[in-house]
Amino acid sequence: MFLKPFRVKTQSALKNSDRKKLRADICSQYPNLSEEAVSELVPNKVEMNVTRISTHRGEVAQIYFVQQNPIVFESYKKIYPTVYALWQFPDLVPVFRTWAPVFEKLKNGADLMLPGVIYDKEPSQRMFGNLHKGDMVSVSIAGNRSPVGIGQALLSGEDMYMSALKGKGVGMIHILGDTLWEAGDKSMPPPRPEPLPSDPEEEKDSENGTEDDIPNMDGLQIDNRASSSDQQDGELVPDGENNEGVKDENGVNVDETKDPVAEMDELLHRCFGCAIKSRIKDSDLPLRFVDLMKDFVQPFSPTIQIDIKKSSYKKLSKFLQHMASEAYITTKEHIKGVDVITTIDRDHPALKDLEVPEPVEMESLDEGASPSKDEEVCKPLTFTDVYCVNAATLDFFKDRRISKGDALKMSDIKEAVNRYIQHNNLQHSDNKTVTLDPVLAHMILKPSDGDLDHMLLEHVYNRVVGKMQPAVAISSSDGLIAIKKGKLEPISMDVDKRASNKKMTIIDNLEEYGFNLKAFARIVQRAVACSCSVVQTEQKNKGPQVQVQGNQIAYVGKLLIEKYKIPKKYIVGLEKAPKQKKR
């Protein structure tokens, strides 16, 4: 939270009434803290200030200072102690101990991984007590009980045990050496010696001659000592040294043999980091999720295909949500069902030492791209009416390994109904009438039908389909592009008059149909020999539009219908084409 400098919005002295409220809030949130301790933390006759700040991520917080040291800060109505307060009350929250080399990674923005935690007890379901997900915990370094940071538990204590003590354990919020610590007197943790457990890395570090890189708690180093070969944790390329219990950004323990999922995670993170550091330009933003992989990420892995389904994230949206939570990017829903990346942080600390290789162009989409390549980007589409399984029909289909949300064609639905009827011997001798068993009757009968126990087969088909959610499956020769539930917004074409009475053709909603707008614009530009561009609309919930100089509706309409096989019912504005002059 305080990895980068924050911006001060307001600063004022703390009133006595505000002190009382602050004490009450602290007592409420930390019931194990006595009133005397709270009064010591928030004293009466000592100068106190409150500073309202905005972090580099846009989060708003209030920091309470006693004299010159920040003691607590409040964010989202939750009060967090700073390291200065934790030095006064080291047992204020549960403590996770770790090794000194791990601290070097934590201060660069990494989360504390469970393999890096030192455990005093034998592993058991109650080894973490009643720790819940989201509870505050402090972090200390082996040999000194004085905490060096505070964060939130990313799992409950029971879940940590059930995960075999692997994965992320603590999400760091504030740590010794960050900008919040720098806002105080920059003092170091007071010595509170404790027995130093044996470090499995000590012998190896000694053999490698790296003992000098381990911080000494008597004079803990806050400056970054990482060399070019000892990269920061949270980087997209692991260093493989001094990382016991520390994992890289993709969650892989760098000292363990990687499984295929971990290797795909590492490849995904590395290529994504290269893309946002060097390949994605400001002019490419906002960038659709669907355009990210092929155009920007995959070129950094020319020999291995990046398959998001083989990673631990399974879906691209989940991976990008994770990267947004780590402040690499910001995202938003651009139009309904279409998410985009709006900003990227090329100066993210984890990208500082990332070496970017030369990308291998999979398919050039620059202005000089050949017409044939643009044709490949915009391929003919097919539109198929489908019906999605919903709660009303799930019981009927679940025995057929069909899940809620799956889209079925009419032929698939009829086949499923026929199999059900045959399996349960519901067909009458005339082959046109069906006996309704309890499952069918519950699903398709209306209150006005009463106790109807039979129905024509064709009516059964229609009733089952009527209970499902209609949708349209859009696909190209490469496979399925999207399934649009409900009404599919048509491609809209309009003619707008600009300065000097010049006309401009405006084309909206092409993205809904899977078009690469830049490639489509180049095709139109070459064909009609006039200016054509992709412009971001100012209208809310509207995606980018293609603008063509002059009234080009006749050509664009013919292109969409004849070449890309868009049915006329999905295009509006064709009537605005210029009238052909009679000869």
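How each quantity is defined
Residues numbered from 1 in each chain as written. Predicted model: local features only at pLDDT ≥ 70, side-chain atom pairs only at ≥ 80, totals over all residues. Heavy atoms only, no water. Axes fitted to C-alpha atoms, helices over the stretch in contact; angles between N-to-C directions. Helix = DSSP H or I, 4+ residues; strand = E, 2+ residues; numbered from the N terminus. Parallel < 35°, antiparallel > 145°, perpendicular 65-115°, else oblique. Left-handed = near helix turned anticlockwise from the far one by under 90°. Contact = heavy atoms within 4.5 Å. Nonpolar A, V, L, I, M, F, W, Y, C, P; charged D, E, K, R; others polar. Expected span 1.5 Å × (residues − 1). Buried < 20%, exposed > 50% of the residue type's maximum accessible area, 1.4 Å probe, protein only. Polar contact = N/O pair within 3.5 Å; in protein donor to acceptor, adjacent residues only side chain to side chain. Core = buried A, V, L, I, M, F, W, Y, C linked by side-chain atoms within 4.5 Å. Pairing = 2+ DSSP bridges.

Caption draft 1: How the structure looks around the packing of helix H16 (residues 517-528) against helix H17 (residues 553-563). Two numbers describe how H16 lies on H17: the axes approach to 11 Å, and their chain directions differ by 125 degrees. As judged from the angle between their axes, H16 and H17 are oblique. Note that H16 runs across H17; the crossing there is right-handed. Side by side, H16 and H17 meet where Phe520, Ile523, Val524, Ala527 and Val528 of the first sit next to Tyr555, Val556, Leu559 and Leu560 of the second. When the residues that make up the contact of H16 with H17 are grouped by side-chain class, the tally is nine nonpolar, no polar and no charged.

Caption draft 2: View of H16. With twelve residues, H16 extends 16 Å between its outermost C-alpha atoms, agreeing within 8% with the 16 Å of an ideal straight helix rising 1.5 Å per residue. Buried within H16 we find Leu517, Ala519, Phe520, Ala521, Arg522, Ile523 and Val524. Capping the start of H16 is the job of one residue whose side-chain oxygen sits 3.2 Å from the backbone nitrogen of Lys518: Asn516. Just downstream of H16, Ala529 is the residue with a positive phi angle, here 55 degrees.

Caption draft 3: Quick peek at the nonpolar core. By size, the foremost hydrophobic cluster in this structure holds 62 residues, and its most contacted members are Leu22, Ile26, Leu33, Leu41, Phe73, Phe96 and Leu112. For Phe73, the contacting residues outside a window of four places in its chain are Met1, Phe2, Gln62, Ile63, Lys78, Ile79, Tyr80, Pro81, Thr82, Ile173, His174 and Leu180. Listed in part, the 31 residues of the second largest apolar core include Cys271, Phe289, Ile341 and Ala350.

Caption draft 4: Structural view of the side chain of Ser140. The topology assignment puts Ser140 in strand E9 (residues 136-141). Once you skip the residues sitting within four places of it in the chain, Ser140 turns out to touch Val95, Phe96, Arg97, Thr98, Arg145, Ser146, Pro147 and Val148.

Caption draft 5: Focus on the pairing of strand E5 (residues 78-81). One ladder, built from four bridges, connects strand E4 (residues 69-75) with E5; its direction is antiparallel. Across the sheet, the residue bridging to Ser75 is Lys78, located in E5. If you look at the hairpin formed by E4 and E5, you'll find two residues sitting between the two strands, and Tyr76 has a positive phi there, around 50 degrees.

Keep in mind that these numbers describe shape and distance, not what the molecule does.
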